[in-house]
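Inside the fold
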Amino acid sequence: GQQLNQSPQSMFIQEGEDVSMNCTSSSIFNTWLWYKQDPGEGPVLLIALYKAGELTSNGRLTAQFGITRKDSFLNISASIPSDVGIYFCAGQLIGGNKLVFGAGTILRVKS
Amino acid sequence: GAVVSQHPSRVICKSGTSVKIECRSLDFQATTMFWYRQFPKKSLMLMATSNEGSKATYEQGVEKDKFLINHASLTLSTLTVTSAHPEDSSFYICSAGGRERGTDTQYFGPGTRLTVL
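Please read all numbers here as calculations on a predicted model, not as lab measurements.

1. Some points on the interface of chain A and chain B
Taken together, the 20 residues of chain A in the interface contact 22 residues of chain B. Of all residues in chain A, Tyr50, Asn97 and Lys98 of chain A give up the largest surface area on contact with chain B, accounting jointly for 31% of the area buried on that side. Where chain A touches chain B, the interface holds one salt bridge. Between Glu59 of chain B and Lys98 of chain A there is a salt bridge, with the nearest N and O atoms lying 3.0 Å from each other.

2. Here's the deal with the pairing of strand S6 (residues 55–58) of chain A
Residue and element names in this part refer to chain A. Inspection of the sheet shows S6 paired to strand S7 (residues 61–65) by four bridges, in the antiparallel sense. Bridged to Leu55 within S7 is Gln64. Counting the residues that bridge the hairpin from S6 to S7 gives two residues, and of these Gly59 lies at a positive phi of roughly 65 degrees.

3. Quick word on the sheet that holds strand S7 (residues 67–73) of chain B
Residue and element names in this part refer to chain B. Across the sheet, four strands lie side by side as S1-S3-S8-S7; this open sheet has antiparallel pairing. One side of each edge strand has no neighbouring strand; the edge strands of this open sheet are strand S1 (4–7) and S7. Strand-to-strand, the axes of this sheet are offset by a mean angle of 15 degrees, without reference to chain direction. In this structure, S1 lies alongside strand S3 (residues 19–25), joined through four bridges in antiparallel fashion. Bridging from a neighbouring strand, Gln6 pairs with Cys23 of S3.

What counts and what doesn't
- Residues numbered from 1 in each chain as written.
- Chains lettered and ligands numbered in written order.
- Predicted model: local features only at pLDDT ≥ 70, side-chain atom pairs only at ≥ 80, totals over all residues.
- Heavy atoms only, no water.
- Contact = heavy atoms within 4.5 Å.
- Buried area = accessible area lost by both parts, 1.4 Å probe.
- Salt bridge = Lys/Arg side-chain N within 4 Å of Asp/Glu carboxyl O.
- Pairing = 2+ DSSP bridges.
- Helix = DSSP H or I, 4+ residues; strand = E, 2+ residues; numbered from the N terminus.
- Axes fitted to C-alpha atoms, helices over the stretch in contact; angles between N-to-C directions.

Here's what the structure looks like:
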């Protein structure tokens, strides 16, 4: 099936540092979504990207929809302890409504 | 963002019983809802797509007679795990499709932790 390659798998960073994670695929996507999941909770939508090249911010988070439509990155600036969690990228294929998920990036922040 | 609720949040049942999980979109009408299953430290695995007023579409390998889905209204979809067994223990999450900028965006419920003894 379709796959998204998400990296890194995990990160352990110092509070205040910036974080970057990305997703790539061999398929072209219509939409890229970034979610954060806390333990025992459902994923929460952070940023939605709908157009190739689109760069969108949500507070300290910035995400971009790659120009080739096959990749996306998420940056978190000045990390804080509550940024801890699992971050998932998800892509929606053109003409479909299902999402393909990355394997997730586990973020740990050392204060 | 949209609000999606799930009930119950946690359920423990005996092997052989059936369990129903409800998923509601609280502030928008969702023509499509999705049911996922998630194992510990793993990504979400799509089980089925639920369309209001029609039969659900199941992903390959998901038993439709085992996981019954009903999407009776634009705000409610239910997943029933029939004759549950310990291997059905998992975290089940629903999402509802919300149309933004003419493109569907999925909003997730808080999940239901099912433990089958």
